[in-house]
Structure formats: C-alpha cells, structure tokens
Amino acid sequence: MPLSIKGQDLAGVLPTSLVKLPYLKTMNYLGGSIPQEWASLQLEIVSLAVNRLSGPMPSFLGNTSTLKSLSLESNMFSGTIPPQLGQLANLENLRISSNNFTGKIPSFIHVRKQIWKLRISDLNGEGSIFPCLRSMKGMEKLMLKGCNISGPILTYIAD
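Here the residue numbers are simple positions, counted from 1 along each chain's written sequence. Given that the model is predicted, a residue must reach a pLDDT of at least 70 before its local features are reported, and side-chain atom pairs must reach 80 or more before they are shown or counted; all residues, however, enter totals for whole chains, interfaces and linings. Excluded from the side-chain calculations are hydrogens and water; all other atoms, namely the structure's heavy atoms, are used.

Caption draft 1: Structural context of the overall build of the chain. Labels follow the DSSP assignment, with helices taken as runs of H or I lasting at least four residues and strands as runs of E lasting at least two, numbered in each case from the N terminus. Secondary structure summary: the chain contains zero helices and 12 strands in total. Start at the N end of the chain and walk to the C end: the helices and strands fall as β-β-β-β-β-β-β-β-β-β-β-β. Summary of the burial criterion: residues with accessible area below 20% of their type's maximum are buried, those above 50% are exposed, and those between are partly exposed, where the area comes from a 1.4 Å probe applied to protein chains only. Burial analysis of the chain (159 residues in total) assigns 42% to the buried set. A fraction of 38% describes how many contacts in the chain between residues 6 or more apart in sequence connect residues 24 or more apart. Throughout, a residue-residue contact means that at least one pair of heavy atoms, one from each residue, lies within 4.5 Å.

Dropping the structure here:
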C-alpha cells in the first residue's frame, strides 16, 4: 500500500530519512530544499508546488525512473531547466511554471510522447522557437507562457 504525505503544510527542511520509507509514492506541500537522497526513492509523483524552494532545479530528479508527475511550480528555482529531466521515460505531467528559470524550452520536450499535461512559464533570457509537439497525441493541457517564443504556431497543434 502506497504511503502519501499530502496536504499537511509541513515546514522545515525535507528530511533525507524519507528514503527509508519504501512505499512512499507521493509527496507534496513540504518546504525546504530537495535532498539528493530522494533520487533513490521510487517516487511516482512529486508535487512541491507553492513553496519557497530555491536555487537550481536538482538535476538528480532525472534519475527517478518511476516519476510520472513532477510539479515544481510557484517556487523560486533559478538557472536553466536541467536536460536530465529528459531521462524521465514515464513522465506524463510536467509543471514547472512560475519560477525564475532562464534559457530555452528544453529540447527533450518533443521526445516525451506520453506527456499529456505541460506547463512551463517565465523563462527569462534567450528566446525559443515553438517546440515540436506533433508526437504528443494525448496532450490535454498545454501552457507555455512568458517563454519568449518566436515563430508561428504550427498548424498540427489543433489536431
């Protein structure tokens, strides 16, 4: 039976000792920073939205092969979106809007065919062309806001 720590509004640093909970599948509403030890967890859902997490987005999140949903929106992450997230073969939901990211829309987006919900916003710095989303046939929700996108919206987007 999966353990879910959800909606508790806990404060402080995310404890590294959570890696000792073998059935933990979901976490959200926690504060602090994301410990590297979490890379060894078999998490399916990470929802750390609306916190005060800051610094670069941890690239080790790309090593969590079981991850299906990653929501880090409305934090204070900065820097570029790590390309290691492209290794998340099971990722279906990626929400990383409302942070302080710089750079372009990640190039791995177009190869993740199973993503059905994608939210990226507030990318400062150099612009991006509209990403190729042709292979994402199951896309239900798409938000690319404040990403300095240039070029035309491709006609297949309505298919």
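Caption draft 2: Here's a closer look at the pairing of strand β6 (residues 76–79). We call two strands paired when DSSP finds no fewer than two bridges between them. Here three bridges tie strand β4 (residues 54–56) to β6, and the two strands are oriented parallel to one another. If you follow G55 over to β6, its bridge partner there is F77. In this structure, β6 lies alongside strand β8 (residues 100–101), joined through two bridges in parallel fashion. Bridging across to β8, S78 finds its partner in N100.

Caption draft 3: Highlighting the pattern of salt bridges. For salt bridges, the criterion is a side-chain nitrogen of Lys or Arg within 4 Å of an Asp or Glu carboxyl oxygen. Scanning all chains against the criterion turns up three salt bridges. The partner of R95 in a salt bridge is E73, with the nearest N and O atoms 3.6 Å apart. Of this pair, R95 sits in strand β7 (residues 93–95) while E73 is found in the loop between β5 (69–71) and β6, placing the two residues 22 residues apart along the sequence. In terms of burial, R95 and E73 fall into one category: buried. Between K104 and E126 there is a salt bridge, with its nearest N and O atoms 3.6 Å apart.

Caption draft 4: A look at the side chain of R95. The exposure class of R95 is buried, given its relative accessible area of 18%. In this view, R95 contacts L70, S71, L72, E73, K117 and R119; residues no more than four positions away in its chain are not counted.

Caption draft 5: View of a nonpolar patch on the surface. Only residues whose relative accessible area exceeds 30% and that form no salt bridge enter a patch; like-charged residues are grouped when within 9 Å of one another, and nonpolar side chains (Val, Leu, Ile, Met, Phe, Trp, Tyr) when within 5 Å. Note on areas: these come from Shrake-Rupley sampling with a 1.4 Å probe, and a residue is covered only by the protein chains present in the view. On the surface, L142, I153 and I157 cluster together to form a nonpolar patch covering roughly 260 Å² of accessible area. With respect to the helices and strands, the residue I153 is situated in the segment after β12 (149–150). Classification of I153 by relative accessible area gives exposed; the value is 60%.

Caption draft 6: Representation of the sheet that holds β6. What the three strands build is an open sheet, ordered β4-β6-β8; its pairing is parallel. Two strands bound the open sheet, and with one partner strand each, they are β4 and β8.

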